[in-house]
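Structure assessment
Residues per chain are reported as follows:
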Amino acid sequence: MAESSEKYNKSPQNKKAEEASEEQIVHQHVKDYIEDLLPKHQGMFKEMENYAACHNVPVIQREVAALLKVLVKTAKAEKILEIGTAIGYSAMIMAEAMETRGKIVTLERNEKMVEKAMDNIRRGGFENRIQIIPGDALKTLHFLPGGYDVIFMDGGKGHYQEMLDLAISLLKPGGLLISDNILYKGMVSSEDLVKRRKRTIVNRMREYLEYITHHQDLPTSIIPIGDGVALSYKKN
Ligand SMILES: C[S@@+](CC[C@H](N)C(=O)[O-])C[C@H]1O[C@@H](n2cnc3c(N)ncnc32)[C@H](O)[C@@H]1O
């Protein structure tokens, strides 16, 4: 459902957003505090965080990694589908949080990312637990068998709705849909922050959020951490 952009137009409150950096969903002091509080990653995870920062690969933020670990554990997930592998960071975070029999299928269309992720997954010892399917998720999702406990939506930001339409039947009833970057650097909630070249992505993300928050079979909660995370439960 398309919404009029009036809903996101300037208001006294949005003026504040204008003053803030486009990158921030929460106040910097809150973000810094949470980051300081969370135990730092070591070894491969730290190495991958550094690689992502140096090469501008947009992987999940540490507070989102902490959330994923809790969600995956409490959902007792045995089968996870991830859309958007990048270097394999979030897939490995989730695999480590799952029971050792847990499996992840992750979809990635960028060949260089696939190569890098395969290398990381092998070095991390997850090659029997994480399967990368190379190619465009919008094609792969047509032939993928279902039965997933969790779907982590983290692929092309302008295509979440199309991906969800293809993936929703693959999620078990009672399963959890986690969508990342749904506030997209604050642009989704504030017109003031929207960059012209991001207009289509922002409009599509707003439509996606309208859709999942009003879907009768997907009760949804929006959490303003990281770049914004939506949690949706697929009703039985
Ligand atoms: C935000 S990154 C994923 C980050 C990763 N989940 C992490 O946190 O470690 C998004 C990835 O989705 C991939 N992507 C975008 N559109 C896609 C599509 N249609 N099919 C498959 N992969 C896609 C991009 O190449 C990129 O590597």
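Because the structure is predicted, anything quoted here is derived from the model rather than measured.

1. Details of the overall build of the protein
Helix and strand counts for the protein stand at nine helices and seven strands. The C-alpha atoms of the protein give 17 Å as radius of gyration, which agrees with the globular expectation for 236 residues (18 Å, within 12%). Dimensions of the protein, computed from C-alpha atoms along their principal axes, come out at roughly 50 × 40 × 35 Å. The long-range share in the protein, meaning contacts at least 24 apart out of those at least 6 apart in sequence, stands at 71%.

2. Examining the site of the ligand
The full set close to the ligand counts 21 residues, and Gly84, Ser90, Glu108, Ala137 and Asp154 are the nearest of them. Glutamate 108 places a side-chain nitrogen or oxygen 2.6 Å from an oxygen atom of the ligand. Here a nitrogen atom of the ligand sits 2.8 Å away from a polar atom, N or O, in the side chain of aspartate 136. Look at the ligand: alone it shows 610 Å² of surface, and the protein chains cover 92% of it. Of all elements in the fold, only helix H5 (89-97) and strand S2 (103-108) reach the threshold of two or more residues within the shell around the ligand. Broken down by class, the residue content of the shell around the ligand amounts to eight nonpolar, seven polar and six charged.

3. A word on the packing of helix H4 (residues 62-74) against H5
Between H4 and H5, whose axes approach to 8 Å, the crossing angle comes to 40°. Crossing geometry of H4 relative to H5 is assigned as right-handed. Counting all contacts with H4, which are made through Arg62, Ala65, Leu68, Lys69, Val72 and Lys73, the residues of H5 involved are Tyr89, Ser90, Ile93, Met94 and Ala97. Classifying every residue of the contact of H4 with H5 by side-chain character gives seven nonpolar, one polar and three charged.

4. Digging into the nonpolar core
Counting residues in each nonpolar core, the largest one holds 38 residues, and the members touching the most others are Ile80, Tyr89, Met92, Ile104, Ile130 and Ile178. Considering each element in turn, this core owes the most residues, seven residues, to H5. For isoleucine 104, the contacting residues outside a window of four places in its chain are Ile80, Ala91, Met94, Ala95, Met98, Arg129, Ile130 and Gln131. If you look at the next biggest cluster of nonpolar residues, it comprises 32 residues, including Met163, Ala167, Leu171 and Leu193.

5. Observations regarding the side chain of threonine 140
Structurally, threonine 140 can be placed in helix H7 (residues 137-140). Judged by relative accessible area, threonine 140 falls into the buried class, the value being 3%. Sequence-distant contacts of threonine 140, defined by excluding residues within four places in its chain, comprise Leu107, Ile133, Pro134 and Gly135.

What counts, and at which threshold
Residues numbered from 1 in each chain as written. Predicted model: local features only at pLDDT ≥ 70, side-chain atom pairs only at ≥ 80, totals over all residues. Heavy atoms only, no water. Helix = DSSP H or I, 4+ residues; strand = E, 2+ residues; numbered from the N terminus. Rg over C-alpha atoms; globule rule 2.2 N^0.38 Å. Contact = heavy atoms within 4.5 Å. Near = heavy atom within 4 Å. Polar contact = N/O pair within 3.5 Å; in protein donor to acceptor, adjacent residues only side chain to side chain. Areas by Shrake-Rupley, 256 points an atom, 1.4 Å probe, with all protein chains shown as cover. Nonpolar A, V, L, I, M, F, W, Y, C, P; charged D, E, K, R; others polar. Axes fitted to C-alpha atoms, helices over the stretch in contact; angles between N-to-C directions. Left-handed = near helix turned anticlockwise from the far one by under 90°. Core = buried A, V, L, I, M, F, W, Y, C linked by side-chain atoms within 4.5 Å. Buried < 20%, exposed > 50% of the residue type's maximum accessible area, 1.4 Å probe, protein only.

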